Amino acid sequence: MSYGTAVSFPPVTLDDVRGAQKMLSGVARVTAMETSRHLSQLVGAPVHLKCENLQRTGSFKLRGAYVRIAGLLPEERAAGVVAASAGNHAQGVALASSLLGVHATVFMPKGAPLPKISATRDYGAEVRMHGQVVDETLAAAQEYAAETGAVFIHPFDHPDVIAGQGTVGLEILEQCPEVRTIVVGIGGGGLAAGIAVAVKSLRPDVRMVGVQAVGSAAYPPSLAAGHPVAIENPATMADGIRVGRPGDVPFGIIGELVDEVRTVSEDELSAALLLCLERAKLVVEPAGASPVAALLGDGGGIAGPVVAVLSGGNVDPVLLQRVLRHGMAAQGRYLAVRLRLTDRPGALATLLGVLSVVDANVLDVSHVRTDPRLGLTEAEVELHLETKGPEHCAEVGQALRDAGYTVID
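Residues numbered from 1 in each chain as written. Predicted model: local features only at pLDDT ≥ 70, side-chain atom pairs only at ≥ 80, totals over all residues. Heavy atoms only, no water.

Asks: I'm lost on the overall build of the protein chain in this one. Help?
Replies: When helices and strands are counted, the protein chain shows 16 helices and 14 strands. Expressed along its principal axes, the backbone C-alpha trace of the protein chain runs to roughly 80 × 50 × 40 Å. Per-residue burial over the protein chain gives 54% buried out of 409 residues. Considering only contacts within the protein chain whose residues lie at least 6 apart along the sequence, 73% involve residues at least 24 apart. (Helix = DSSP H or I, 4+ residues; strand = E, 2+ residues; numbered from the N terminus. Buried < 20%, exposed > 50% of the residue type's maximum accessible area, 1.4 Å probe, protein only. Contact = heavy atoms within 4.5 Å.)

As structure tokens, then:
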């Protein structure tokens, strides 16, 4: 359905996307399209994964950055380019600039993951750390552009960038010509807008579904209002789509061409990332897993064949560890239990014996004897267990109660 936002003079056309595809030949990879049998069973229709996590620099961002920088005039190239990013756009701009012989300065927030900072430098950019959040970093980059004459390369709000990202859509139609639904994550909107232009121009029957994290969903209120609306303090683990305001250019395209925007929770993002690792053997960042999260949340009403765009795989190892634990907990694969027992020799060993019978693997034990809330003969134990799912969790809890333990939490 159309959200009623008219695009009088389309800022990006199919010819623009086709021109970008020619420009990117030999630069960006034509990424793989993998079939997911597990997701297909869950959705009830064929599901294919467009693996932009395997793109050079680990995300689709190289496409748009290269097209934008390649289109600069000679005098603009001589002045250099500047960008602001916490990761994927930074690496895309860095590599594109290096390939085109343009000096790039990239501002990154001080909390950016170290692997992304290192990769951006390795691709040839000068990295400057500024600000605690991306908005502060963005302001610093724009100030630098005004002072030096360097061209600011926006991550999503420019027709050339959108045309470059739209080449993903052309590849989808070539690799899966029978596609009926495309699901893609939305931050500022550049990727979804580009794919929508390419696909809807050639196959208007294909349904476009955008996905946002519920804590960073600026598009639903913006589409309802008919213009971009900023939300305060966007929050999600999916930093690739953590954008507080839609871009002006992609907003108009998405309002006209994207059929639906869904939101997903943090638990759904964690479960999706875990599924990609376990079942598809693909390392995907939370933003890249957002289309899979949408299919897990309510995929039954989506017509297939479905293509889910895995937009990136640049996940910080520390975050990956946390997300995996979160995802496993959401699936009942971790269980934390706090209980009280009689403080006597062998009591802890007896407790662990009960857990052994029900095949619960103990990861960590915390034993407290001195809390004033405890009786003279009591001890409190907190256990972190590896379990096999919700049914197993219930079995563990029942076994503890049957053995006479008081389970507090």
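Now, onward.
Asks: What is the right way to look at the sheet that holds strand S10 (residues 306-310) in this model?
Replies: Consider a sheet: its strands pair through backbone hydrogen bonds, and that pairing is either parallel or antiparallel. Read across the open sheet, the 6 strands follow the order S1-S2-S10-S7-S8-S9; overall the sheet is mixed. Strand pairing shows two members of the sheet lacking a second neighbour, strand S1 (33-35) and strand S9 (260-264), which therefore form its edges. Each adjacent strand pair in this sheet contributes to an overall mean axis angle of 25°, direction not counted. Where strand S2 (residues 47-51) lies against S10, 5 bridges are found, and the strand directions are parallel. Residue pairing across strands places Val47 opposite Val306, the latter belonging to S10. Lying on the sheet, helix H13 (residues 290-298) is in contact with S2, strand S7 (181-185), strand S8 (207-213), S9 and S10; it crosses S7 at an angle near 120°. (Pairing = 2+ DSSP bridges. Axes fitted to C-alpha atoms, helices over the stretch in contact; angles between N-to-C directions.)

Asks: I would appreciate a short explanation of the nonpolar core in the present structure.
Replies: Inside soluble globular proteins, nonpolar side chains tend to come together where they are buried. Counting 64 residues, the largest nonpolar core has Ile69, Val81, Ile182 and Ile195 as the members making the most contacts within it. Among the elements that make up this core, the one with the highest residue count is helix H9 (residues 190-202) (8 residues). In contact with Ile182, not counting residues within four places along its chain, are Ile172, Ile195, Val199, Val206, Arg207, Met208, Val209, Val307 and Val309. Within the second largest apolar cluster, 34 residues are counted, among which are Val47, Ala213, Val292 and Ala294. (Core = buried A, V, L, I, M, F, W, Y, C linked by side-chain atoms within 4.5 Å.)

Asks: What's the story with the pairing of S10 in this structure? I'm lost.
Replies: Successive side chains on a regular strand alternate, one facing one side of the sheet and the next facing the other. Burial analysis of S10 places 5 of its 5 residues in the buried class, which makes it a mostly covered element. Every second residue of S10 is oriented toward a common face, with Val306, Ala308 and Leu310 on one face and Val307 and Val309 on the other, all of them buried. Where S7 and S10 come together, 3 bridges link them in parallel fashion. Pairing of Ile182 across the sheet is with Val307, part of S10.

Asks: I'm lost on the packing of helix H15 (residues 347-357) against helix H16 (residues 390-402) in this one. Help?
Replies: Each pair of packed helices gets described by two things: the angle between the helix axes and the distance between those axes. The contact between H15 and H16 brings their axes to 9 Å, and the two run at 140°. When the interaxial angle is binned, H15 and H16 end up oblique. Judged by the twist between their axes, the crossing of H15 over H16 is right-handed. Touching Leu351, Val354 and Leu355 of H15 are Val396, Ala399 and Leu400, all from H16. Classifying every residue of the contact of H15 with H16 gives 6 nonpolar, no polar and no charged. (Parallel < 35°, antiparallel > 145°, perpendicular 65-115°, else oblique. Left-handed = near helix turned anticlockwise from the far one by under 90°. Nonpolar A, V, L, I, M, F, W, Y, C, P; charged D, E, K, R; others polar.)

Asks: When you look at the sheet that holds strand S5 (residues 126-129) in this model, what are you seeing that I'm missing?
Replies: One open sheet accounts for 4 strands, arranged S5-S4-S3-S6; its pairing is parallel. The sheet terminates laterally at S5 and strand S6 (151-152), the two strands that pair on one side only. As paired strands, strand S3 (residues 81-84) and strand S4 (residues 104-108) are joined by 4 bridges and run parallel to one another. Across the sheet, Ala84 pairs through a bridge with Phe107, a residue of S4. The strands touched by helix H7 (residues 134-148) are S3, S4, S5 and S6; relative to S3, the strand with the most contacts, the crossing angle is about 165°.

Asks: Even after reading the chapter, I still don't get the confidence of the model for the protein chain, so can you show me in this structure?
Replies: Parts of the prediction with low pLDDT should not have their coordinates interpreted in detail. Residues of the protein chain with pLDDT of at least 70 account for 94%, and the chain-wide mean is 89. Residue range residues 1-8 is modelled with pLDDT below 50. Its contacts to residues more than four positions away, or to other chains, number 21 contacts. (pLDDT = per-residue confidence, 0-100.)

Asks: Is there a simple way to think about the layout of surface pockets in this case?
Replies: Think of a ball as big as a water molecule: rolled over the atoms, this probe shows where empty space is left. A volume near 150 Å³ is recorded for the second largest pocket. For the lining of the second largest pocket, the secondary structure elements donating two or more residues are S1 and helix H2 (37-43). Of the residues contributing to the lining of the second largest pocket, the split by class is 3 nonpolar, 4 polar and 3 charged. (1 Å grid on protein atoms, 1.4 Å probe; cavity = no way out; pocket = protein on both sides within 12 Å on 5 of 7 lines; lining within 4 Å. Points joined across faces, edges and corners; volume = space filled by probe spheres on them.)

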